[in-house]
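Spelled out, the chains give:
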Amino acid sequence: MKNKNLIIVLISFIVFLLFFIFLQRTCEYHFYYIEQDQMFRFSANYFQDKIVRPGGFALVIAQFLLQFFSIKYLGATILSILLTFIVFVVGGIMKRFESRKEFLILSLIPSVLLMYAQFQFNYQLQGTIAFLLAVVALYTYLMLKNYSIRLITGLVLTVLLFIFAGSVFVLFAVSALLFELLRRNKKWYLSGTFLIVATVVIVFSIRTGMLGEFKFAALPDMYYNNLLKSPPYSIFAWLSMPLCSIVAFVSPYLNNKDSRVKSQVFFSIGFVLIGVFIFTAFEKENNPESTKYKKLDYYSYTSQWDKIIEINKERTNNYLHLNILNRALSEKGELADRMFAFNQNGVYSLMVEGNVPALLTDIYFTMGDIATSQRYAFEAYISSQGNENPRMLQRLVQTNLIFGAFPVAEKYISLLEQTLFYKKWASAQRKFLYNDATVESDPLLGNKRKGLHPEGEEYNIFGIERDLEDIAAANPSDKKAIEYLGAIYLLNKDIVKLHDLFDKYYNGKVLQKMPRSFQEAVMIMSVNFPDVLDKYAVSPEVQNGFYGFNKDVTDNQQNYYLKDLIFNKYGNTYWYYYMFK
C-alpha cells in the first residue's frame with residue numbers, strides 16, 4: 001500500500017512539474033496581464049456582491065487566487081496545482097468506472113483542454129475552479145454505494161453546484177446519469193431527475209433574470225466574456241469527461257489478456273500523443289505579437305524602460321508595441337533623440353485609436369493630458385472582466401489627486417487598501433489628501449498639475465495637438481509634452497508647425513540643446529530657409545550627415561534600389577522618414 005501511495009504521489013508530482021515548466025515558459029507575462037483585469041478585496045460588501053450570483057463561490061476563489069499571479073512563478077504554480085488536481089480526480093472517476101490502468105492516461109485530456117482555454121484572456125479562472133468542483137462532486141457521488149443515498153446526494157449536489165460553481169452543474173448531472181446508465185443500474189431512469197432538476201434550474205435562472213441566456217446557464221460561456229464567443233477548448237473539456245467515462249467503462253472489454261508490457265506501451269503511446277497535441281495546439285494558438293505586447297505591458301507598468309527599448313531593437317510594424325516603446329523613450333527623456341532609430345510609421349506610432357483604454361491612459365498620462373488619461377482609466381476600469389482593475393484604480397487615484405478631487409481619490413484609495421498587494425501603495429497616497437502643498441511638491445504629481453489648463457477647461461476637445469500646446473504653454477518645463485508635440489509634427493511631416501514650436505521654446509529649459517531629430521528637421525528647413533542655421537544650434541555631425549544624405553540621394557536617383565541603399569546608411573534618421581515614408 002505504501003508503494004502504491006508513493007507511486008501516486010510521484011506521478012502527481014511529475015504531472016505538476018510538466019504543467020509548471022510548460023506554463024512558466026509560455027505564459028509568464030500572460031499571468032501578470034490577467035491579474036490586472038480582476039481584483040480581490042477583503043471586504044464584506046465585495047464578498048456579498050459576488051457570492052449571491054450563480055457560481056459566486058467559484059468566482060471568489062478564482063479572484064482570490066488571481067491576485068497572486070502578480071508574483072513570479074506563482075501564476076504557473078497555482079494553475080499547475082489546479083490542473084494536476086483535476087487529473088488526479090478524473091483518474092479516480094475513471095477507476096470507479098473500472099478503467100484499465102493504461103487508459104488512465106486519458107485523465108490528462110480535460111486538464112490539457114482547460115489549460116488551453118485558460119490561455120484565452122477572456123476566459124476566467126472561475127471556469128477551471130468550477131470544473132474542479134464539478135469533478136470532485138462527481139467523484140464523491142460515485143463513492144457512495146447505496147443507490148438511494150446516491151440519488152438524494154446527486155439531486156442536492158446538482159443544485160449546490162449551480163449555486164456555488166455555476167453552469168458546470170449540467171456537466172455533473174449528465175455525468176452522474178451516464179454512470180448509472182453504463183453500470184446498468186436497474187433504476188437508472190430515476191437518475192433522470194438530475195436532468196429534470198437541471199432544466200428547472202436553468203429555466204428559473206433565465207426567467208428571474210439571474211442569467212441572461214441559455215448558454216450562460218448551461219454551457220462554459222458563463223466563464224467567458226459575455227460579449228464574445230467562448231473558445232472551443234472549454235466545451236471540449238466538458239465533452240471529454242463523458243468520453244473518459246465511456247472509454248473507462250469499455251476498456252476492460254477491449255482486450256481481456258492482460259500484459260504488463262502491452263499496457264506500458266499503450267500508456268507511453270498515449271502520453272506521447274497527448275504531448276504532440278499540446279505542442280501542436282500551442283503552435284496554432286501561440287501569437288508572438290500578443291505575447292510580446294503582454295511582456296511590454298508588464299515592463300511598462302513596472303517602469304522597466306530599458307527592457308522595453310531592448311525588446312524593440314528588432315524593427316516592428318505593430319503600433320501597440322511602438323506606442324509602448326515611444327512612451328518608454330519619453331519617460332527616459334530620449335524620445336526626440338532616439339525615436340527614428342526605430343521603425344516609426346506615422347502618428348499612430350505614438351498613440352493608436354481603438355479599444356485599448358489601458359494603454360492610452362498610460363500614454364496620455366506621460367504626455368501630461370491628465371483629463372484624457374483619467375477618462376481612459378475609468379473606461380478600462382469599468383470594462384474589465386471583474387469590473388475592478390487595480391492598475392486603473394491607481395491611475396484614477398493619481399489623476400484625482402492632480403485635479404484636487406480629494407474625496408474621489410480617497411474613495412479609490414479605500415478600495416485599494418482592501419487588497420493584499422496594493423494596500424501599501426494606496427496608504428502611501430493618503431499624505432496627498434486635502435493637502436495641495438504636498439501634491440505640488442511631489443516630483444510626479446506636482447509637475448503634472450502644473451500642466452493643467454489654467455482656466456480649468458477640459459482637454460481633448462480640439463485634439464491632442466491643441467492639448468499638448470496648452471500643456472506646454474502652462475508648463476514650459478514639461479519636456480515630455482513638448483517632445484511628444486514635436487514628435488507628432490515630425491511624423492506628420494509638418495515642418496511649419498515644427499518651426500513655430502522651435503521659435504516658441506528654443507533656448508528655454510527644455511530646448512536649450514536641440515534633440516537629434518529636431519536638429520535633423522532643422523536641416524530640412526534650411527533647404528528653403530538657410531537662416532535657421534543661425535537661429536538654432538545644429539551640431540557639425542548632423543550638418544555633415546545631411547549633406548552626405550543629399551549627395552547620396554542625388555547621385556543615385558536612377559538606382560532602382562535607392563530606398564534600400566539610403567535605408568542602410570540613413571535608416572535611423574528623420575531624413576529617411578521624411579523622404580521615404
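Shown above is the structure to which this text applies.
Residues numbered from 1 in each chain as written. Predicted model: local features only at pLDDT ≥ 70, side-chain atom pairs only at ≥ 80, totals over all residues. Heavy atoms only, no water.

A. Structural view of the overall build of the chain. The helix and strand tally for the chain stands at 31 helices and 0 strands. C-alpha extents for the chain along the principal axes are approximately 100 × 60 × 45 Å. Expressed as a percentage of the 581 residues in the chain, the buried residues total 52%. Counting only contacts in the chain whose residues sit at least 6 apart along the sequence, the fraction spanning at least 24 positions is 68%. On the chain, roughly 27,800 Å² of surface is accessible, and the fraction owed to carbon and sulfur atoms is 60%. Averaging the coordinates of the 58 positive side-chain charges in the chain and doing the same for the 49 negative ones gives two points 15 Å apart. (Helix = DSSP H or I, 4+ residues; strand = E, 2+ residues; numbered from the N terminus. Buried < 20%, exposed > 50% of the residue type's maximum accessible area, 1.4 Å probe, protein only. Contact = heavy atoms within 4.5 Å. Areas by Shrake-Rupley, 256 points an atom, 1.4 Å probe, with all protein chains shown as cover. Lys, Arg positive; Asp, Glu negative; His and termini not counted. Charge placed at Lys NZ, Arg CZ, Asp CG, Glu CD.)

B. Representation of helix α23 (residues 443-450) in the model. Regarding α23, the residues found buried are L445, G446, K448 and R449. The buried residues of α23 occupy one face: seen down the axis, they fall within an arc of 165 degrees. The elements touched by buried residues of α23 are α17 (357-367), α18 (370-382), α19 (390-403), α20 (406-416), α22 (436-441) and α25 (479-491). The N-cap of α23, judged by a side-chain oxygen 3.2 Å from the amide nitrogen of L444 a few residues on, is D442. (Arc of directions from axis to C-beta. Polar contact = N/O pair within 3.5 Å; in protein donor to acceptor, adjacent residues only side chain to side chain.)

C. Molecular detail of the packing of α19 against α20. In contact at an axis separation of 8 Å, α19 and α20 are set at 155 degrees when each is read in the N-to-C sense. Put simply, α19 runs roughly antiparallel to α20. Remark: the crossing between α19 and α20 carries left-handed chirality. In contact with P390, L393, Q394, L396, V397, N400 and L401 of α19, α20 contributes F406, V408, A409, Y412, I413, L415 and L416. (Axes fitted to C-alpha atoms, helices over the stretch in contact; angles between N-to-C directions. Parallel < 35°, antiparallel > 145°, perpendicular 65-115°, else oblique. Left-handed = near helix turned anticlockwise from the far one by under 90°.)

D. Spatial organisation of the packing of aromatic side chains. Applying the stated rule across the entire model yields 41 aromatic pairs. Judged by centre distance (6.5 Å) and plane angle (35 degrees), the ring pair of F13 and F16 falls under tilted. Of this pair, F13 and F16 both sit in helix α1 (residues 2-35), 3 residues apart, which is roughly one turn of that helix. For F16, a relative accessible area of 19% gives the class buried. Here a set of aromatic residues connected by ring pairs shows up, and it is made of F40, F42, Y46, F64, F68 and F421. In this structure, K72 packs its charged tip against the face of Y73, placed 5.1 Å from the ring centre. Between R395 and the ring centre of F365, over which it is positioned, the NZ or CZ distance is 4.1 Å. (Phe/Tyr/Trp six-rings, centres within 6.5 Å; stacked < 30°, edge-to-face > 60°. Lys NZ or Arg CZ within 6 Å of the ring centre and 35° of its normal.)

E. Main features of the side chain of T419. Tracing the backbone shows T419 in the loop between α20 and α21 (423-428). Within polar-contact distance, the side chain of T419 engages the backbone oxygen of L416 at 2.6 Å. Polar contacts involving the side chain of T419 include one to the main-chain amide nitrogen of Y422, which spans 3.2 Å. Residues in contact with T419, not counting those within four places in the same chain, are M39, F40, R41 and F42.

F. Region of the structure containing helix α24 (residues 464-474). By the burial criterion, the buried members of α24 are I464, D467, L468, I471 and A472. For α24, the arc enclosing every buried residue in end-on projection is 130 degrees, short of the 170-degree limit, so these residues lie on one face. Elements that come into contact with the buried residues of α24 comprise α17, α18, α25 and α26 (495-505).

G. Layout of the environment of K72. Positionally, K72 belongs in the loop between α3 (56-66) and α4 (74-96). As for K72 and Y29, which are separated by 43 residues in sequence, their C-alpha atoms are 9.3 Å apart. Apart from residues lying up to four places away in sequence, K72 is in contact with Q24, E28 and Y32. At 2.8 Å, the side chain of K72 forms a polar contact with the side chain of E28.

H. Molecular detail of the packing of helix α2 (residues 44-51) against α3. Two elements in contact, α2 and α3, have axes whose closest approach is 8 Å; the angle formed by their N-to-C orientations is 135 degrees. Put simply, α2 runs oblique to α3. The segment α2 lies against α3, with Y46, F47, K50 and I51 engaging G56, F57, L59, V60 and Q63. Classifying every residue of the contact of α2 with α3 by side-chain character gives 6 nonpolar, 2 polar and 1 charged. (Nonpolar A, V, L, I, M, F, W, Y, C, P; charged D, E, K, R; others polar.)

I. Local environment of the environment of D306. When you line up the elements, D306 lands in helix α14 (residues 305-311). With 23 residues separating them in the primary sequence, D306 and L329 have C-alpha atoms 8.7 Å apart. In this structure the side chain of D306 is engaged in a polar contact, spanning 2.9 Å, whose partner is the side chain of K332.

J. Seen up close, the pattern of salt bridges. For the coordinates displayed, the defined rule picks out 26 salt bridges. The closest approach of N and O atoms between K535 and D503, which form a salt bridge, is 3.0 Å. A residue pair is termed long-range when its members are at least 10 positions apart, and K535 in helix α28 (residues 532-535) and D503 in helix α26 qualify at 32 residues. By relative accessible area, which is 37% here, K535 ends up partly exposed. The class of D503 is partly exposed, set by a relative accessible area of 39%. Linked by salt bridges that have partners in common, D297, R327, E331, D362, R391, R395 and K480 make up one network. (Salt bridge = Lys/Arg side-chain N within 4 Å of Asp/Glu carboxyl O.)

K. How the structure looks around the side chain of S175. For S175, the location among the structural elements is in helix α8 (residues 169-182). Contacts of S175, omitting those with residues within four sequence positions, involve L138 and M241.

L. View of the nonpolar core. With 85 residues, the main nonpolar core has L23, M115, Y116, L125 and Y141 as its most contacted residues. Counting 70 residues, the second-largest nonpolar core is a separate cluster that includes L329, V522, V538 and Y577. (Core = buried A, V, L, I, M, F, W, Y, C linked by side-chain atoms within 4.5 Å.)

None of this, on its own, says anything about what the molecule does.
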